[in-house]
Amino acid sequence: MGCFDRNSDRSSKHRRSNQGTVGLAAGVLLPLLFGATLLAPSPEPFLKTALTRIPATNHASVDTKISRRNDPGHKDVIVQMFQANWDSVGYECEHWLSKAGFGWVQVSPPSEHITGRSGQPTEWWTDYQPVSYKIVSKRGNREQFARMVARCNASGVRVIVDAVINHMTGTRGSPGSGVARSPFEHFWYPGVYSSLDFHRCRKSGDYEIRSYKSRYEVHNCELLGLADLATESDYVRARLAAYLKDLVSLGVSGFRIDSAKHIPSEDIGAILEKVKAPSFVVQEMPFGQGEPILPEEYVSNGHVHEFRGAFDLKAAFQGRGISSLLLNWGKTWVPSDRAATFVVNHDTERQGTTLNFKSSANAHQLATIFLLAHPYGAPSILSSYEFQTDSQGPPQDPTGLTRDVVCDEGTWRCEHREPALMNLVKFRNAAGRLPLTGSISEGNNRIGFGRGNVGTVLINNEDDAWVVRAPTLLPDGDYCDLIHDSNLSPSFCDSFTIRVQGSRVNVVVPPRGALAFYTGAKGGNGSDTSSVPRRRAITRAGITIEVPGGTGRVVAMVGAPASLGSWDPSRGLALVIQPDGKHWTLPSPLQLSDTLEFKFVSIDSSGEVVWEHGPNRVLSPMGEGFVEQMFEFVWRSTPLRAPAILPFDPLPLGHTPPPNLHIQ
């Protein structure tokens, strides 16, 4: 569900459907959606024969059962294929997820749900308002779902289902019907639940949660007006367990328990105990400062989502600095073998509470690299679609069915296919449970660490390149750079190679970038590389710098080689100002084959030269091969006016260049 922190009641995930959920007449549209064969009820694994209203008290101890739903296996990375239809998930399992080494794919809720404001399930949050437990949704029917699970299992990728078991719909007023024509009202779902199966936390007025400081309200009142199931009831528990057992019978191996925070931990444990299948369980359990319900209460049932980890990554990569992550990340939260970690999920990317694909300065990708390389928890990666409004659903056809995932048409983002991410999944699988080793930091925003003798990661969250001599436990030899290699091979690097000599690497980490290498992708041997195809390192570097102050001057790049004027500002490379009036860009990329030292200068109309502050900037090609990269810089604003004290003596005292620069 979309609840997190103490503002769960304002989450985007479960919008109130009474704003537009249609009535029974909507069923007329659904033969177009799913075909006549889907209108017959799915086989029901449990039939309601009697109502039991006495809260269950004979709970089996779940502590002795936890081992079978606690371990995701050595391939512990989950990719959340948010809103993807079943045929597309099956295809991605066979052709991409298995290739990358993902262990799990999380799919959206498969049960019948409401139709939404337009009479078709256009909004994504319709999935989180179930009408029945028939396996039919806008992503496909029962047969398509079962086929998807079989394809993924055969590819070595297990399926975890987003299971909505806290509530039903948020509709009040006129009756409605689901996507498979099942009729319902707010507290009435024929053949599934009657009004006695729901909580009414107050004698009068609305039943919604008013305070997250009240354990009673969070567990017994309605989240955003959604009909809250009485999960303490034996009947409700049995009905929910029957739904989960049905999914297991189709080959499902795990569950993400939606809105787990709104269900007492002992109720979840009792429901899972009825399922009895060995399943990987992840519970949506947001942390709220000062709230009485804590994630630690739920670890006896399986993993819990560590929202604190996502919030901390945002704070670190967008201001506080990332060096603290080496010491503190995960240390005070739930144990690593109970933690499900993430950078962003489908709720938080809409709410802006975590990093997302729109975050500036490459922060989202760098945080994802850290997440996958760090041993804490079992990480989830969101793979989603473009949207303009918070409620916007996935690409759909005119009948409301979700379109196939097509990764190059500009609608589906397909983050799971990004080469760096796929390579880091391999890195993580190889590192297993190995701890951090050889951690280093330089300032607040440059860190590196190893994972035993398997791999090493370096992350630069600064605007300048990081020249670093880093320790590593890897054997001497040449290794592929996982971040920039798009066609990883055990014996050939598509982009850079990184050489380890004497337990050290000497590398240049790009601005707002990272390097990673591991034993599973070696580009040769440090002493004998004759058997490995070798290519000269060439980097085409696009250069952009943000400079305050607007126009009326020349901004140039000046450096040691003759192509940059041999430190003579009058012969530097002039940049071209962009329409926004603050960004300056080289007209054409630099071609780097050797390390380049340089600085930026600003020359006003009188010819006065202002050198940017700080040490020389450095760009360098790495290893072998050809790569294009864009480097974005920000002017270091404390001025050093030539010929002030610099790490070099480029000009004679008193030298002032002419106002016009020679453009190489």
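Every value quoted in this text rests on a predicted model; they were computed, and no experiment measured them.

(A) Fine view of the overall build of the chain. A count of helical and extended segments in the chain gives 11 helices and 32 strands. Relative to its 664 residues, the chain shows a buried fraction of 59%. Taking the contacts inside the chain whose residues are at least 6 apart along the sequence as the reference set, 74% of them involve residues at least 24 apart. Put simply, the chain shows about 24,800 Å² of open surface, and 52% of that area lies on carbon and sulfur atoms.

(B) A look at the pairing of strand β13 (residues 436-441). Bridge count for β13 against strand β14 (residues 446-451) is four bridges, and the pairing is antiparallel. Of the residues in β14, the one forming a bridge with L436 is R451.

(C) Inspection of the state of the cysteines at higher detail. Per the counting criterion, the structure on display carries three disulfides. In this model, C201 is linked to C221 through a disulfide, with the two sulfur atoms separated by 2.1 Å. Between C201 and C221 the disulfide shows an S-S torsion of about 110°. By sign, it is right-handed. Here C221 lies in the loop between α4 (215-220) and α5 (234-249) and C201 lies in the loop between β7 (183-184) and α4, a separation of 20 residues in the sequence. Across the pair, exposure class does not vary: C201 and C221 are buried alike. Paired through a disulfide, C407 and C414 show a sulfur-sulfur distance of 2.1 Å. Negative torsions about the S-S bond denote left-handed disulfides, and the value of about -85° found for C407 with C414 makes this one left-handed. Accessibility expressed as a relative area gives 23% for C407, which makes it partly exposed. Classification of C414 as buried rests on a relative accessible area of 6%.

(D) Highlighting the pairing of strand β5 (residues 158-164). Within β5, six of the seven residues are buried, leaving the element largely enclosed by the surrounding structure. Both strand β2 (residues 104-107) and β5 contribute to a ladder of four bridges, which runs parallel. From the neighbouring strand, Q106 faces β5, where its bridge partner is I160. The pairing of β5 with strand β8 (residues 254-258) spans five bridges and is parallel. Directly across from D162, in β8, lies its bridge partner R256.

(E) Main features of empty space enclosed by the protein. Here the structure, examined in full by the defined rule, presents three cavities of 30 Å³ or more. If you add up the space inside the largest cavity, you get close to 100 Å³. Surrounding the largest cavity, Q80, Q106, R256, H305, F342, V344, N345, H346, S380, I381 and L382 form its lining. In terms of residue count, the dominant contributor to the lining of the largest cavity is strand β12 (residues 378-383) (three residues). A per-class count over the lining of the largest cavity returns four nonpolar, six polar and one charged.

(F) How the structure looks around the sheet that holds strand β15 (residues 455-460). Pairing in this open sheet of four strands is antiparallel, and the strands run β13-β14-β15-β20 from one edge to the other. The outermost strands of the open sheet, each flanked by one partner alone, are β13 and β20 (513-518). Within the sheet, the average angular offset between the axes of one strand and its neighbour, ignoring direction, is 10°. Pairing analysis gives six bridges linking β15 to β20, with the strands arranged antiparallel. Note that in β20 the partner of N460 across the bridge is G513. Packed onto the sheet, helix α10 (residues 363-373) meets β14, β15 and β20 and runs at close to 155° relative to β15.

(G) Here's a closer look at the nonpolar core. In terms of nonpolar packing, the biggest core is built from 120 residues, with V105, F145, Y193, F317 and I459 touching the most fellow members. Broken down by element, the residue count for this core peaks at eight residues, all from α10. Not counting chain neighbours up to four residues away, the residues in contact with V105 comprise V79, M81, V89, C93, L97, C152, V157, R158, V159 and I160. By size, the runner-up hydrophobic cluster in this structure holds 21 residues, among which are V547, L619, F631 and F633.

(H) Representation of the layout of surface pockets in the model. One number sums up the size of the second largest pocket: a volume of about 320 Å³. Forming the walls of the second largest pocket are 22 residues, and the residues nearest its centre are H364, Q365, T368, E415 and E418. Listed by contribution, the elements that provide at least two residues to the lining of the second largest pocket are α10, β12 and α11 (419-431). Of all the elements, α10 adds the most residues to the lining of the second largest pocket, at six residues. Residues that form the lining of the second largest pocket fall into these classes: 11 nonpolar, seven polar and four charged.

Cut-off values and rules
Residues numbered from 1 in each chain as written. Predicted model: local features only at pLDDT ≥ 70, side-chain atom pairs only at ≥ 80, totals over all residues. Heavy atoms only, no water. Helix = DSSP H or I, 4+ residues; strand = E, 2+ residues; numbered from the N terminus. Buried < 20%, exposed > 50% of the residue type's maximum accessible area, 1.4 Å probe, protein only. Contact = heavy atoms within 4.5 Å. Areas by Shrake-Rupley, 256 points an atom, 1.4 Å probe, with all protein chains shown as cover. Pairing = 2+ DSSP bridges. Disulfide = S-S within 2.5 Å. 1 Å grid on protein atoms, 1.4 Å probe; cavity = no way out; pocket = protein on both sides within 12 Å on 5 of 7 lines; lining within 4 Å. Points joined across faces, edges and corners; volume = space filled by probe spheres on them. Nonpolar A, V, L, I, M, F, W, Y, C, P; charged D, E, K, R; others polar. Axes fitted to C-alpha atoms, helices over the stretch in contact; angles between N-to-C directions. Core = buried A, V, L, I, M, F, W, Y, C linked by side-chain atoms within 4.5 Å.

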